[in-house]
Amino acid sequence: MSHTPQTLDSDEVAPPTATATATQTPDAPPSTLLHLSFNQDSGCFAAATDHGFRIYNCDPFREIFRRDFGPGGGVGLVHMLFRCNILAFVGGGSDPRYPPNKVMIWDDHQSRCIGELSFRSEVKGVRLRRDRIVVVLAHKIFVYNFADLKVLHQIETIANPKGLCDLSHVSATMVLVCPGLQKGQVRVEHYASKRTKFIMAHDSRIASFALTHDGRLLATASSKGTLVRLFNTLDGSLLQEVRRGADRAEIYSLAFSPTAQWLAVSSDKGTVHVFNLKVDSGLLGHDRSHGTSEPNAASPTAVSSLSFIKGVLPKYFSSEWSVAQFRLQEGLQYIVAFGHQKNTIVILGMDGSFYRCQFDSANGGEMTQLEHYNFLKPEETF
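Residues numbered from 1 in each chain as written. Predicted model: local features only at pLDDT ≥ 70, side-chain atom pairs only at ≥ 80, totals over all residues. Heavy atoms only, no water.

**Q** Looking at this model, I keep getting lost on the overall build of the chain. Mind explaining?
**A** Looking only at helices and strands, the chain has two helices and 30 strands in total. Counting across all 382 residues of the chain, residues that qualify as buried make up 55%. Within the chain, contacts between residues at least 6 apart in sequence are counted, and of these 45% link residues at least 24 apart. For the chain, the exposed area adds up to about 16,700 Å²; of that, 50% sits on carbon and sulfur atoms. (Helix = DSSP H or I, 4+ residues; strand = E, 2+ residues; numbered from the N terminus. Buried < 20%, exposed > 50% of the residue type's maximum accessible area, 1.4 Å probe, protein only. Contact = heavy atoms within 4.5 Å. Areas by Shrake-Rupley, 256 points an atom, 1.4 Å probe, with all protein chains shown as cover.)

Below, the structure written as structure tokens:
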């Protein structure tokens, strides 16, 4: 398969061809959202609908382009490759465009599929790097070479209905994390050193996890959804534990800030939390110019003055709580990422909502809403 990834810009995108797409008319029923994903640097996001897919820029917020396949055009998963013209998607919804057991590699400059990968069962997840395609099935993960679609690695996992998997994006090294073969276990593949690390992260099943861009840090949450744990992927050591809340919740997404100074968490409780991470910046090779080496005693991230009687009080009191919060509609699914402006968060909802918020890194508390749009209804957006 030969392809030349090029930077995707709204001015460069070829106009939709009549055969490949059908433009939505004003009388057409509104599209139903089936899947949302940020690209690798969170500068864009892709939305899969029952009619096709759309690509949006986050800052400034705008729709870059859409492909409406019309009836029978359902797309269940869509993933971008940074900002280039190559995407991967899987058919989905009640009337799928392609079978749900196939991953289609789409070149948007040609408005057509330039490759496909077929499986015996439904595809649960897809992840892309410039050199690799990773496909997640219910009990197995396949790693392919992007250039020729040759399979390089197969991994057995515990039941993985959510298609959980994450990749590092720094080109020099590839780190992959996926569920292990036991409940609560995560498997970390370090491809450069050919090492596999198993981490018993939780007692309950894994609900969500995220890697830093370089793959050195891993954040995990279990189906209980009360605690989020931070691990060093090289040796599997537990570095930090933060508390989302006291009651059970379903964690939908975890996201590191680019310098791994902050971690954002979204759940079905309708609150997005931001936590301050106290990781040795030397571990990451980043210079944190706004350093956190000297924690402010009055800071909301301090582990409260109760820490001196940690051994007496329940663990609940000694956990670290979030610095900042943003309230949303409870029960809806939201995914989060850090914005490109300092101390900003981008939140996407399965109801078509786009939020940009800012948090106060010194004082914490409720975040400030900077923008809100419904990206499924353009008239409310522009």
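**Q** Sorry if this is basic, but what is going on with the confidence of the model for the chain here?
**A** Of all residues in the chain, 80% attain a pLDDT of 70 or more, and the chain-wide mean is 80. Every residue in residues 1–27 is under pLDDT 50, and counting partners more than four places away or in other chains gives 54 contacts. Scored below 50 in pLDDT, residues 284–318 shows 45 contacts in the model against residues more than four places distant or in partner chains. (pLDDT = per-residue confidence, 0-100.)

**Q** For this particular structure, what's the right way to read the packing of aromatic side chains?
**A** The description of an aromatic ring pair rests on the distance of the ring centres and on the angle between the ring planes. Scanning all chains against the criterion turns up 24 aromatic pairs. The interplanar angle of 70 degrees and the centroid separation of 5.6 Å between the aromatic rings of Phe69 and Trp106 together place this pair among those described as edge-to-face. You can see Phe69 sitting in the loop between strand S4 (62–68) and strand S5 (75–80) and its partner Trp106 sitting in strand S7 (residues 102–107), a full 37 residues away along the chain. Relative accessible area serves as the criterion here: at 8%, Phe69 is assigned to the buried category. Between Phe119 and Phe142 the ring centres are 5.5 Å apart and the planes differ by 45 degrees, which places this aromatic pair in the tilted class. Residue Phe119 is found in the loop between strand S8 (112–118) and strand S9 (125–128), and its partner Phe142 is found in strand S11 (residues 140–145); the two are separated by 23 residues along the sequence. (Phe/Tyr/Trp six-rings, centres within 6.5 Å; stacked < 30°, edge-to-face > 60°.)

**Q** What am I meant to see in the pairing of strand S21 (residues 251–256) here?
**A** Regular strands have side chains that alternate between both faces of the sheet. For S21, a buried count of six out of six residues is recorded, marking the element as mostly surrounded by other parts of the structure. Sheet topology places S21 next to strand S22 (residues 262–267); five bridges connect them, and they run antiparallel. Counterpart to Leu254 in the pairing with S22 is Val265. Between S21 and S22, which follow one another and run antiparallel, lie five residues, and Ala260 among them has a positive phi close to 60 degrees. (Pairing = 2+ DSSP bridges.)

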